[in-house]
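What follows is each chain in one-letter form.
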Amino acid sequence: MEIARGMDFQVVVLAGGFSKSLVPLVSKKVPKALLPVANRPVLSYVIDLLEQKNLKDLIVVVEGETAAHSVSAWISGTYIDRLHVEVAAVPEDVGTAGALRAIDHRLTAKDILVVSGDLVCDVPPGAVAATHRRHDAVVTALLCTAPASGPSDSGSSGAKDKAKKPGRYNIIALDPTKQFLLHIAAGAEVEKDIRVQKSILRAVSQMEIRADLMDAHMYAFKRSVLQDVLNQKETFQSLRRDVLPYLVRSQLRSELLSNGVQSDENGNSKDAMQNAKILPSQLLANASTPSFHELYALGPDGSSSITRKTHKCCVYIANKSKYCARLNSIQAFSDINRDVVGDANHLSGYSFSAQNNVIHPTAVLGSKTTVGPQCMLGDGSQMGDKCSVKKSVIGRHCRIGSNVKVVSSVIMDHITIGDGCSIQGSVICSNVQLQERVILKDCQVGAGFVVTAGSEYKAESLAKK
Amino acid sequence: MDPRRLPRTVTDPKVRHVGFFAPVGPPDESMSSPPRQTTLSPPVAGYSLSPVMIPPPRHLSSDNAPLSPLIAADSFLPVGSYNPSEFSSPSATEDFSEDNFSKDTGWVLNENSGKAALKQNTHAASGLTPVITNEGPPMEAQKEQPPASSKPKKEKTTKSERRALQEAQRTAKAAANAGGSKKSAAASAVVNSANANTKKVAKAPPRKKDSSSVAASEKKGGDRQTDKDRKKDIPHPRMQFDDEDQVEKAKKRSVVKQTESKNRVELFRHLPQYEHGTQLLDLESKFFQLDTVHPAIYAVGLRFLTGDISGGNARCIAMLQAFQESIKDYFTPMEKELTRDLPTKINGYVSFLIQCRPLSISMGNAISFLKHKISELPSTMSESEAKASLLSDIDRFINEKIILAEKVIARHAVTKIRDGDVLLIHGSSSVVEMIFLCAQELGKQFRVVIVDSRPKLEGRMLLRRLLGKGISCTYTHLNAISYIMHEVTRVFLGASSVLSNGTVYSRVGNASVAMVAHQFHVPVLVCCEAYKFHKRVQLDSICFNELGDPDDIARVSGKEDIKYLNDWASIQNLQLLNLIYDATPSDYISMIITEYGMIPPTSVPVIVQEYGEHLLI
């Protein structure tokens, strides 16, 4: 059915629901997946990336019925003629692992590619899949270089950013060849020290612990293993926090996984039936460069008398030149918006003008209004005289009065801004009305909010009660 | 360089052919010839023979005296001696002649006399000797002589014409003109002005130029034709990667984008070498777009590319198992026959695998086995039956030709191991390993010397496994081979392929091990399954080989501080050569052990012929 038939891979996009960390940006009408990044829902970046790589059968899992409804409405409107997308609704707060558990019966392919719906990146998913297949791994995770510059150089980074920063980074341990994952912990969860398993360390003999990598939430799982783990460990909630660390932890004693799922793929289970089959597989094993797993499995003396079961957890580390970010915080939202119209503008899918900005032909600009580089102005928006827009994204059908300054902000659709407003480093959701002479700095304004004339806010979150 | 080039160009019958026949077919003449013909119709007869001289003048400038006998001798060589493949670059030879021509006008003077000489039927060396003279004045005399001796009438006309021409030329020179206007041939004008100081050159240069270019174009044509012929006769075994046309075509066909690496060693330019990493990246990013490639094939290809699987047997087994997977998933499309459609599928897979890494000869044999099996399927057979039979055929091939063959070889070879032997192995070979294990089981007392070599250091893995079995080992590197050979009593080598002249094609380094062993009078036993035999003959390891990643030899694994060659690609005058295979001449090999028995290397053709068909059963 919904399988990328060619390679026996199935793609699941976890689009989430109404993420709490993104309040007030998300609302009943706008789930996280539909938050606009450069005037396109963030989910479209993932789907486009997959579509580019010829992955046209997708399962999109959304938390909550209402959210699922709006997501599926949007998908069917946008991709109906090109893609075969199934939208599955799962109850809220089941977590990513729970979401996969809920669609367990739909998973049929040999391997599953799980992609987070809030990922904005240009790393080919095939690279992850290829690494996965090459090592016949149980899980392969995409790791990206954490954006080191990003937030710090933008004017909007306030105290909030500093609080968020440790949470964005992961503590990741790799083997010397940088192919296998030995330890993973979210930076936020690490208090003082990390505990590394001695057995793994002994087997690898050398470990590289890095804090500059970010787990991009694109995983390739072996389906049989994933289903086993999900079924056996009922308490597992999250792929990132529970399933992945579990698989990494148990990679040298994978007997926990029932019926030798891993060895089944290696052809070891056939050995019992056919004695003759041992030799080819052994021959193959001897000829290939062994990873530490295989060496460990062979035991200390190299004899295979006691075969220890192992499985491989691989990583694909994206090239530094690739853009990769996750929209999981308000800060990330404005960062991604800024990057997609700025440094990573090949992702946006728009063609930029000579001034390095995108102004829709139907947008109307008043006299002496300037729109700087790295800006985007949606269709049907009107701006009065003497306005200035810098490094901002302005949505569709906004009406902006005269003498308005917009700097490093995201302004969504159908927003009315009165004369003389100044907006800096803020996010303004749809249908907001800003009356005259409002001054906003580092604020988030929830959908449908009305800011009264002359008010001034700094680093506040405004939403309808 | 020169001695090699001489016979090649001179014996080249195509060139000679071109010379005689070019004027007969007017369309073959080059651009500037028509005007010449219009103005000077009689001399055309004279020119008609001129291209004959194209090859000889080349050497005139280089060495004179010994040349003429050479030419004479060579002119009698049979046509068959001409090897089209040797004559690789017509453009190069063209350059050469033109270059030569423009540099020393001296030999251009000889043109006339040489032509005249050749008109005496080219048969005698004496007829050619005058050609060699480089001076202007004696030429007049020579010119007179040959026509007098042979075919006076025809010569007479040309001579007189030419003399008239020269006169005209002189007057033209005197008028301080380029003189070309009279000739009305633009080309001649240019050349004349260039060679203004030698007066007699007048006519010769343009002709020379024309003829050479004609010859060149003819040569190209001739070469192309021979190309076609060659294709008809023997399919070209491997692509020549220094042929730009072929490479371009292959690039269009290929699925995987390959960036060729820059500083390649000149001698090995005909072998593919790609920048490491570019292939992998491209292959990875295209993972979901390669619809034509079965996932199992893809995974195997990826492992070949990354070197996760290496070694002839392992690669062959991995490939065959991947084929099994793909056959399991294969369904004959509508209105197509399995026996016709499946081979094209397999061809696609094979070309994909070749792009990942060139196939070994053993893999080629396995593929032809599979194709043979497919073609043998009766058309009445149902699809599922056909698939089942193919799957079992592949299983049988793996078991009989590889696994059982190894066992039989081990049983044969063990008889050659005596107590107290010191056995040497280079690198890692699955067969040899099995021999050691077999001998160990039989309770023989022996010691193993594992000779290893960079960059792969495959011996370490073998060492680890042998030590695990309790065999006493010595581990050393290839550098110490002459020292360690003193104590060795037998050398066991694996092989990638055994060719019908007894040459053993195997991991690079084996040849030197065999040579040293031969020098020390230590018997060299090559263990090779019969499915790796090939009827091809190979004399060196240059024509067919594989180039590894040059970075492997530039880097030292585990020693990151050794990085003198880190940016070797940017150094213009440095090329790294990482050969994968070498060819061991049969002289150094005492015995080849196959599953059919132990044979001297001279008996390889017997195996190939007698048992070659058995491969296909």
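Procedures and definitions
Residues numbered from 1 in each chain as written. Chains lettered and ligands numbered in written order. Predicted model: local features only at pLDDT ≥ 70, side-chain atom pairs only at ≥ 80, totals over all residues. Heavy atoms only, no water. Pairing = 2+ DSSP bridges. Helix = DSSP H or I, 4+ residues; strand = E, 2+ residues; numbered from the N terminus. Axes fitted to C-alpha atoms, helices over the stretch in contact; angles between N-to-C directions. Parallel < 35°, antiparallel > 145°, perpendicular 65-115°, else oblique. Left-handed = near helix turned anticlockwise from the far one by under 90°. Contact = heavy atoms within 4.5 Å. Nonpolar A, V, L, I, M, F, W, Y, C, P; charged D, E, K, R; others polar. Expected span 1.5 Å × (residues − 1). Buried < 20%, exposed > 50% of the residue type's maximum accessible area, 1.4 Å probe, protein only. Arc of directions from axis to C-beta. Core = buried A, V, L, I, M, F, W, Y, C linked by side-chain atoms within 4.5 Å. Polar contact = N/O pair within 3.5 Å; in protein donor to acceptor, adjacent residues only side chain to side chain. pLDDT = per-residue confidence, 0-100. Phe/Tyr/Trp six-rings, centres within 6.5 Å; stacked < 30°, edge-to-face > 60°. Lys NZ or Arg CZ within 6 Å of the ring centre and 35° of its normal.

Turning to the sheet that holds strand β21 (residues 405-407) of chain A, a few remarks are in order. Pairing between the strands of a sheet is mediated by backbone hydrogen bonds and can be parallel or antiparallel. Residue and element names in this part refer to chain A. Here we have six strands laid out as an open sheet, ordered β15-β18-β21-β24-β27-β30, and parallel in their pairing. Edge positions in the sheet fall to β15 (370-371) and β30 (456-458), since each has one partner strand and no second. Both strand β27 (residues 439-441) and β30 contribute to a ladder of three bridges, which runs parallel. Bridging across to β30, K441 finds its partner in K458.

Residue and element names in this part refer to chain B. Running from amino to carboxyl end, helix α18 (residues 312-328) crosses helix α20 (residues 361-376) at an angle of 30°, the nearest separation of the two axes being 9 Å. The angle between α18 and α20 places the two elements in the roughly parallel class. Classified by chirality, the crossing of α20 by α18 is right-handed. Note on element contacts: α20 touches α18 through S362, M363, A366, I367 and L370, opposite G312, R315, C316, M319, L320, F323 and I327. Each residue belonging to the contact of α18 with α20 can be placed in one class, and the counts come to nine nonpolar, two polar and one charged.

The subject of this paragraph is the packing of helix α17 (residues 295-306) of chain B against helix α19 (residues 338-356) of chain B. All names here are of chain B. The N-to-C vectors of α17 and α19 enclose an angle of 20°; their axes lie 8 Å apart at closest approach. As the angle between them shows, α17 and α19 are arranged roughly parallel. Handedness of the α17/α19 crossing: right-handed. Residue-level contacts link I297, Y298, V300, G301, L302, F304 and L305 of α17 to Y349, F352, L353 and C356 of α19. A breakdown of the residues in the contact of α17 with α19 according to their chemical character gives ten nonpolar, one polar and no charged.

Time to look at helix α2 (residues 65-79) of chain A. Residues and elements named next belong to chain A. Helix length check: α2 (15 residues) gives 20 Å between terminal C-alpha atoms against 21 Å at 1.5 Å per residue, within 8%. Every buried residue belonging to α2 is among A67, A68, S70, V71, W74, I75 and Y79, and all of these are buried. Around the axis of α2, the buried residues are gathered within 165° of arc, so they sit on the same side. Opposite the packed face of α2, turned more than 90 degrees from it, sit the exposed residues E65, H69 and G77. Where α2 is buried, its residues meet β3 (40-41), α1 (42-52), β4 (57-63) and β5 (84-90).

Residues and elements named next belong to chain A. Counting buried positions along β4 gives six out of seven residues, so the element sits mostly inside the fold. In the sheet, strand β1 (residues 9-16) pairs with β4 via five bridges, with the strands oriented parallel. Across the sheet, the residue bridging to V12 is I59, located in β4. Pairing analysis gives seven bridges linking β4 to β5, with the strands arranged parallel.

Ranked by size, the top nonpolar core spans 90 residues in total, and within it A:L43, A:L113 and B:F323 carry the most contacts. Top element by residues in this core is α18(B). It accounts for nine residues. Every residue in contact with A:L113, bar those within four places of it in the chain, is listed here: A:F9, A:Q10, A:V11, A:V12, A:L50, A:L55, A:P125, A:V128, A:M218, A:Y219, A:A220 and B:F288. Of all hydrophobic cores here, the second largest spans 53 residues; its members include A:A325, A:L377, A:M412 and A:I417.

Okay, the sheet that holds strand β25 (residues 427-428) of chain A next. All names here are of chain A. An order of β14-β16-β19-β22-β25-β28-β31 is seen for the seven strands of this open sheet, with the pairing classed as parallel. Single-partner strands in this sheet number two, and they are β14 (358-359) and β31 (461-462). Inspection of the sheet shows strand β16 (residues 376-377) paired to strand β19 (residues 393-394) by two bridges, in the parallel sense. Considered in β19, the bridge of L377 is made with I394.

We now examine helix α23 (residues 459-468) of chain B. Residues of α23(B) that are buried include every one of B:G459, B:L462, B:L463, B:R465 and B:L466, and no others. Note on α23(B): the residue one or two positions beyond its end, B:G470, has a positive phi of about 85°.

Residue and element names in this part refer to chain A. Tracing the sequence through the fold places S426 in the loop between β24 (422-424) and β25. Assessed through its relative accessible area of 1%, S426 is described here as buried. For S426, the side chain forms a polar contact with the main-chain nitrogen of C443, separated by 3.0 Å. Leave out the neighbours within four places in its chain, and S426 touches S408, S409, V410, L440, K441, D442 and C443.

The next thing to look at is the confidence of the model for chain A. All names here are of chain A. For chain A, the mean per-residue pLDDT works out to 77, and 80% of the residues sit at or above 70. When mean pLDDT is taken per element in chain A, β24 scores highest with 90 and helix α11 (residues 268-273) scores lowest with 37. In the model, residues 149-167 has pLDDT below 50 throughout and makes 20 contacts with residues more than four positions away in sequence or in other chains. Segment residues 256-276: pLDDT under 50, and 29 contacts once partners within four positions in sequence are set aside and those in other chains are kept.

The next point concerns the confidence of the model for chain B. Residues and elements named next belong to chain B. Considering every residue of chain B, the mean pLDDT works out to 69; 58% of them sit at 70 or more. Segment residues 1-155: pLDDT under 50, and 200 contacts once partners within four positions in sequence are set aside and those in other chains are kept. Here residues 178-235 is modelled with pLDDT under 50, and outside its nearest four sequence neighbours on either side it reaches 96 contacts, counting other chains as well. For this predicted complex, the interface confidence score (ipTM) comes to 0.76, while the overall pTM stands at 0.68.

A regular strand places its side chains so that they alternate between the two faces of the sheet. Residue and element names in this part refer to chain A. Most of strand β10 (residues 181-186) is tucked away: six of the six residues are buried. As paired strands, strand β9 (residues 170-174) and β10 are joined by five bridges and run antiparallel to one another. Note that in β10 the partner of N170 across the bridge is A186. With antiparallel pairing between neighbouring strands as the criterion, β9 and β10 make up a hairpin whose turn holds six residues, including K178 at a positive phi of roughly 60°.

With that settled, the discussion passes to the packing of aromatic side chains. Inspection of every chain in the model, using the stated rule, returns ten aromatic pairs over all chains. Grouping aromatic residues by their ring pairs yields a cluster made of B:F369, B:F397 and B:Y531. Between the NZ or CZ atom of A:R40 and the centre of the ring of A:Y45, over which it lies, the distance is 4.1 Å. Sitting over the ring of B:F331, B:K387 keeps its end group 4.4 Å from the ring centre.

Here the focus is the side chain of A:E51. Mapped onto the secondary structure, A:E51 falls in helix α1. Aside from chain neighbours lying at most four places away, what touches A:E51 is A:K56, A:Y79, A:R82 and A:L83.

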